[in-house]
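Residues per chain are reported as follows:
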Amino acid sequence: MKPDKKIEALKKAALQYHERDRRGKIEVISSKPCITQNDLSLAYTPGVAEPCRAIQADPAKARLYTAKGNLVAVVSNGTAVLGLGNIGALAGKPVMEGKGVLFKRFADIDVFDIELDTEDPDAIINTVQYLSPTFGGINLEDIKAPECFYIEEELKKRLDIPVFHDDQHGTAIISGAALINALELVKKDIDKVKAVFSGAGAAGIACANFYIKLGIKPENIMMTDSKGVLWKGRGDEGRNPYKDPFYRETDARTLADAVRGADIFCGLSLKGLLTKEMASAMAPRPIIFAMANPDPEITYPDALEACPDAIVATGRSDYPNQVNNVLGFPFIFRGALDVEATAINEEMKLAAAFSLANLAKEEVPEAVKRAYGDPNLKFGPEYIIPKPFDSRVLVSTASAVAEAAIKSGVARNPIDMEEYRELLRDKIDWSRDVMRKIYIQARKAPKKVVFPEGNDPKVIWAASEIVREGIAHPILLAKSRTEVLALFEELNHDPEGVEIIEPKRWPYRQQYVDALYTQNQRKGFTQSRASLAMRDYFYFGAMMVHQGHADGMVAGVGVSYPEVLTPAVEVIGPRDGGRLIAGMYMLEHNHRLYFFADCTVNVNPNAEDLAEIALMAADQVERLQLEPSIAMLSFTNFGSVQVPESEKVAKAVELARKQRPSLMIDGPMQADVALDLNFLKDNYPFANISKRPNLLVFPNLDAGNTSLKLVRKLIKAHYIGPILIGLKKPIHLLARGVEVNMIINMTAIASVDAQQIEESVKADTLEPVES
């Protein structure tokens with residue numbers, strides 16, 4: 001895809017992402033039921049008076065009876081929005097909502113974003129002070145320097161809750177962690193190194209101050225701004241009290257002068273300011289942190305070309321050592337809120353930096369290595385800080401911050417740290433990263449995925465996005481290639497990388513007819529029926545997969561399930577040794593992932609069928625890099641009522657265990673019992689389930705499909721599916737009228753399924769080596 005087309009595609013996708021369904025990125029959801037009159041009388045008048053009286057008598061109880069203790073205000077006036085500058089309060093709102101999403105996604109912290117339409121620092125200070133009773137903490141965001149320093153300082157004096165300007169301290173803490181480890185690798189002492197800072201704004205000054213706290217001597221720091229080196233006699237001393245400590249007696253005037261012989265370059269300025277010639281003039285084994293966003297002061301490859309022995313970090317995710325603030329603020333606030341800290345002090349910031357530095361030296365879990373596609377990921381020049389999606393950061397950093405708050409005396413709620421770490425570990429749900437991991441895996445070896453509905457606008461849009469994401473090679477089937485290309489143009493999508501096939505002109509068409517007839521001639525197919533079937537694009541697409549001209553198929557945008565399912569069964573058929581095909585859904589609710597099977601295909605499965613469905617579904621869950629914990633559902637628990645319906649489920653459990661004795665599976669059990677692990681353990685200690693069940697197998701299609709539809713409508717759970725399981729090759733169904741993102745997700749799953757089938761075939765065909 002051409003760069004300008006990529007940019008246009010990204011712009012369109014970004015606007016659609018923010019516009020679709022509920023506008024924006026956030027919503028407020030009640031955490032308590034409000035269904036009955038009794039609920040209403042407790043949530044509001046008259047019952048609400050009781051917590052009000054309790055809080056009036058003891059303000060500390062606000063954290064017990066309200067959301068204050070887990071609520072952060074993200075406050076901005078939009079005067080220094082990353083990459084956009086002073087765009088104003090309202091235009092900055094999408095960024096602040098995004099910040100709220102990150103707080104929730106990484107640390108389960110709720111956020112109200114507050115955009116203040118003023119550049120008067122005192123007005124901001126007063127407004128935040130008046131609002132502060134609502135919140136457990138204040139995150140200042142995208143406020144320009146030097147006002148941001150004054151605002152934060154003044155709010156810290158006035159408020160007894162944490163106040164944190166992430167643009168300053170977030171970058172300082174994360175890059176500080178990287179610096180600790182980089183110095184260890186290059187074997188340099190922090191009190192002897194010379195550092196140059198490019199950029200004298202909020203982040204640059206905060207980083208310099210934090211590095212001094214880490215041990216760099218102030219006299220070994222030189223700072224530059226848009227006018228060059230801060231040198232005494234330049235004439236602008238005294239105008240910015242936050243810059244003043246960094247003016248030096250020096251002959252250096254330019255960045256090139258400053259970096260000559262320096263050990264560290266810390267860039268928080270503009271694209272391309274550090275040239276290769278400047279980098280090569282630095283001291284041996286330099287540390288180069290080029291953190292300007294979105295484009296660094298020097299690119300990662302250029303820095304290493306200039307200094308092969310350098311350790312380099314940037315703000316970009318496409319190179320090693322990404323300095324990303326999301327490694328900091330969610331977890332710092334998590335720890336601060338959980339001990340009811342009155343501030344985020346220097347001890348807490350240092351604790352966060354050292355926790356990140358230490359975590360990078362630990363062995364990297366296999367799940368993280370798989371997620372980033374690097375089996376050799378370990379501490380070294382290309383891994384000096386943890387990856388942003390490493391779930392261990394929650395436990396490591398939040399607990400370190402909480403402990404520092406307790407030790408430094410700012411915690412109102414000192415807690416047992418071991419119990420706290422266990423609580424944080426319970427918050428980690430690795431399944432939250434499943435789709436991201438699937439995308440990463442799909443990009444490693446994108447497969448050909450055919451779409452029979454090639455002239456559907458949603459499919460066309462999805463195909464363009466699939467190419468941009470690099471997760472598959474889309475093939476669109478259509479009567480007229482010209483018409484499809486015209487639709488791409490009309491819809492402003494890029495067709496580059498999308499293959500368009502006209503089945504009537506396909507050179508293998510007759511081969512497909514013959515193959516379908518041969519395969520099904522004893523199942524009622526005649527030659528003429530096979531020929532007629534090839535006019536159906538769903539049969540044609542399935543035959544492309546069968547004959548190896550495509551690796552998978554995704555279909556159903558405008559048709560009912562049987563129109564896709566029937567060709568899949570007749571052309572592809574069940575996997576070797578299998579008898580059934582089933583449909584599994586993946587649902588996310590409250591950041592937890594569940595799999596429902598079978599909700600699509602088998603109307604009234606017997607015990608043998610249920611066992612096979614459970615095993616097939618378990619295999620699919622494992623392909624998604626998760627451990628299945630299976631609850632076989634019924635209306636009864638473990639034989640409390642013995643009727644054929646429940647005995648069928650009990651027998652299915654026995655059959656599944658015989659085939660896979662190590663599988664975590666049990667039943668029959670009721671759905672509410674399955675979802676309450678503590679109740680399950682207390683009342684049925686013999687149950688062969690030690691982890692929260694994530695795979696729910698229903699006794700029949702009535703139960704499965706009805707439950708699925710109720711969950712989707714009543715609690716608005718996010719879902720992906722149906723994922724067809726049991727076929728020899730991947731064919732996945734789409735619900736009629738599905739959104740574009742679902743088509744893309746199902747394509748990623750199909751691509752990964754095809755990869756694993758290919759690997760399995762290779763493994764089966766390997767010749768044994770004679771010893």
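Shown above is the structure to which this text applies.
A. Here's a closer look at the packing of aromatic side chains. Per the stated rule, a full pass over the model turns up 16 aromatic pairs. Here the aromatic rings of Tyr585 and Tyr719 are separated by 6.1 Å at their centres, their planes lie at 50°, and the arrangement is tilted. Taken together, the positions of Tyr585 in strand β15 (residues 582–589) and Tyr719 in strand β20 (residues 718–725) put the pair 134 residues apart, joining distant regions of the chain. Exposure remark for Tyr585: the relative accessible area of 1% places this residue in the buried category.

B. Expanded view of helix α13 (residues 329–338). Extensive coverage of α13 is indicated by the burial of 9 of its 10 residues. Where α13 is concerned, the buried positions are Phe329, Pro330, Phe331, Ile332, Phe333, Arg334, Gly335, Ala336 and Leu337. Just past α13, the residue Glu340 takes up positive phi, approximately 55°.

C. View of the sheet that holds strand β10 (residues 311–314). In spatial order, the strands read β7-β6-β5-β8-β9-β10; together these 6 strands make up an open sheet with mixed pairing. Whereas interior strands pair on both sides, the edge strands pair on one side only; in this sheet they are β7 (228–229) and β10. Relative to strand β8 (residues 264–267), strand β5 (residues 195–198) is paired through 4 bridges, and the arrangement is parallel. Residue pairing in the sheet places Ser198 in a bridge with Gly267 of β8.

D. Highlighting the pairing of strand β2 (residues 110–115). Bridging between strand β1 (residues 71–76) and β2 involves 6 bridges; their strand directions are parallel. Across the sheet, Ala73 pairs through a bridge with Phe112, a residue of β2. Handedness of the β1-helix α5 (residues 93–107)-β2 crossover: right-handed.

E. Main features of the environment of Lys349. One can find Lys349 in helix α14 (residues 346–361). Residues Lys349 and Val450 lie 101 residues apart in sequence; the distance between their C-alpha atoms is 51 Å. In contact with Lys349, not counting residues within four places along its chain, are Lys156, His169, Ile173, Phe210 and Ile344.

F. Local environment of the pairing of strand β6 (residues 221–225). With 5 of its 5 residues buried, β6 lies for the most part within the structure. Neither face of β6 is exposed, since Ile221, Met223 and Asp225 on one face and Met222 and Thr224 on the opposite face are all buried. Two elements, β5 and β6, share 4 bridges in a ladder whose sense is parallel. In the sheet register, Phe197 faces β6, and the bridge partner there is Met223. Crossover connection from β5 via helix α9 (residues 202–214) to parallel β6: handedness right-handed. Of the pairings in the sheet, the one linking β6 to β7 comprises 2 bridges and is antiparallel in character. Bridge pairing links Asp225 to Gly228 in β7.

G. Broad picture of unusual backbone geometry. In the segment running from Ala145 into Pro146, the intervening peptide bond is cis, with an omega of 0°. Take Pro146: it is sitting in the loop between β3 (137–140) and α7 (147–158). Residue Pro722 is reached from Gly721 by a cis peptide bond, and omega for that bond is 5°. The backbone phi angle of Phe638 is positive, close to 50°, even though this residue is not glycine.

H. Representation of the side chain of Ser175. Relative to the helices and strands, Ser175 is located in helix α8 (residues 166–186). Side-chain polar atoms of Ser175 contact the backbone oxygen of Ala172, separated by 3.4 Å. Polar side-chain contacts of Ser175 include one of 2.8 Å to the side chain of Tyr211. Contacts of Ser175, omitting those with residues within four sequence positions, involve Cys207, Tyr211, Phe289, Met291 and Val323.

I. Examining the packing of helix α6 (residues 121–131) against α7 more closely. Direction vectors running N to C along α6 and α7 enclose 30°, while the axes themselves pass 10 Å from each other. Judged by the sense of rotation from one axis to the other, the crossing of α6 with α7 is right-handed. Here Pro121, Asp122, Ile124, Ile125, Asn126, Val128 and Gln129 of α6 come into contact with α7, specifically with Glu147, Tyr150, Ile151, Glu154, Leu155 and Arg158. For the contact of α6 with α7, the residue count by class is 7 nonpolar, 2 polar and 4 charged.

J. How the structure looks around the sheet that holds strand β4 (residues 163–165). Reading across from one edge, β2-β1-β3-β4 is the order of the 4 strands in this open sheet, with parallel pairing throughout. Among the strands making up the open sheet, the edge pair consists of β2 and β4. Direction aside, neighbouring strands of the sheet carry axes that sit 20° apart on average. α7 contacts β3 and β4 of the sheet and is inclined by roughly 170° relative to β4.

The rules behind these values
Residues numbered from 1 in each chain as written. Predicted model: local features only at pLDDT ≥ 70, side-chain atom pairs only at ≥ 80, totals over all residues. Heavy atoms only, no water. Phe/Tyr/Trp six-rings, centres within 6.5 Å; stacked < 30°, edge-to-face > 60°. Helix = DSSP H or I, 4+ residues; strand = E, 2+ residues; numbered from the N terminus. Buried < 20%, exposed > 50% of the residue type's maximum accessible area, 1.4 Å probe, protein only. Pairing = 2+ DSSP bridges. Right-handed = clockwise from strand over helix to strand, strands pointing away. Contact = heavy atoms within 4.5 Å. Polar contact = N/O pair within 3.5 Å; in protein donor to acceptor, adjacent residues only side chain to side chain. Axes fitted to C-alpha atoms, helices over the stretch in contact; angles between N-to-C directions. Left-handed = near helix turned anticlockwise from the far one by under 90°. Nonpolar A, V, L, I, M, F, W, Y, C, P; charged D, E, K, R; others polar.

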